[in-house]
Every structure is written in structure tokens, then in C-alpha cells.
Amino acid sequence: MHELPITQNIIKIASKHCEDNNGKRVVKVNLVIGDYSGYVGESVQMYFDIISEGTLCEGAICDITHVEPKLRCNKCGQLFKKQLLTFDCPYCDGQGEPTEIGKEFFIDTIEIE
């Protein structure tokens, strides 16, 4: 349910961008959401479709790019996707350490008419 206030802010930002650029309406909002961001893309999408009604975002597409989390090997430096029950690097015998990859949450672009 914490996706509701963040989606309200996305609509507010997109609407303001449209107004500031003399647009008629928002056509598309492109979001980047990491799997470890704490937000569920499907919930953001659902809220966007519902609460955009009556705003400059009504009918706009909310396109979400998901980012899978990556670990960085402490030995060879390679980035890799964590496998179930292990932090082992698939490139060497090092161990993966958490990175910020997969924690993203931002508006990438806003397209207006």
C-alpha cells in the first residue's frame, strides 16, 4: 500500500512537467524500479491507472523497467546475479557482495503531447 503515495507524487511530477512545457497531456511515464527498491511495479501500475483519472496523466502509459539486483565479486570485480543459497562468483572462486544495483526507483522520462 505504500505505493499509493509514491504514485501520487509521480502523477504530480508528470503533470507539472506537462504544464511547465505547455503540453496538452502526458502520453507516457517511464519508470525504473529495482527489485530491491521496496516498491512493487505492478502496484505502482495499478495505482497509476486508477488515480491518474481526471489528471493530465489520464490515459497515459506507465512503462516500468525492472532492474535485477547484482552482486560484485570481491575477488575479480565482476557483477553477477545471485544464485539461490550462494554468494559464489560464477567467474572465479570469490564471494559476491551487495551493490546498489537493484535498489533504483526513479522517473526516467516523461513524454507529453
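Residues numbered from 1 in each chain as written. Predicted model: local features only at pLDDT ≥ 70, side-chain atom pairs only at ≥ 80, totals over all residues. Heavy atoms only, no water.

A separate point is the overall build of the protein. Tallying secondary structure elements over the protein gives two helices and six strands in all. Against the globule reference of 13 Å for 113 residues, the protein gives a C-alpha radius of gyration of 18 Å, more extended than a compact globule. Along the three orthogonal principal directions, the C-alpha set of the protein runs to about 55 × 30 × 15 Å. Residues classed as buried in the protein amount to 32% of the 113 residues present. Side chains of the protein carry 11 positive and 18 negative charges; the gap between the two charge centres is 4 Å. (Helix = DSSP H or I, 4+ residues; strand = E, 2+ residues; numbered from the N terminus. Rg over C-alpha atoms; globule rule 2.2 N^0.38 Å. Buried < 20%, exposed > 50% of the residue type's maximum accessible area, 1.4 Å probe, protein only. Lys, Arg positive; Asp, Glu negative; His and termini not counted. Charge placed at Lys NZ, Arg CZ, Asp CG, Glu CD.)

For the rest of this paragraph, the subject is the pairing of strand β2 (residues 61–67). With seven bridges joining them, strand β1 (residues 26–34) and β2 adopt parallel strand pairing. Residue Asn30 lies in a different strand from β2, and its bridge partner there is Asp63. On the question of chirality, the crossover connecting β1 to the parallel β2 by way of helix α2 (residues 41–51) is right-handed. (Pairing = 2+ DSSP bridges. Right-handed = clockwise from strand over helix to strand, strands pointing away.)

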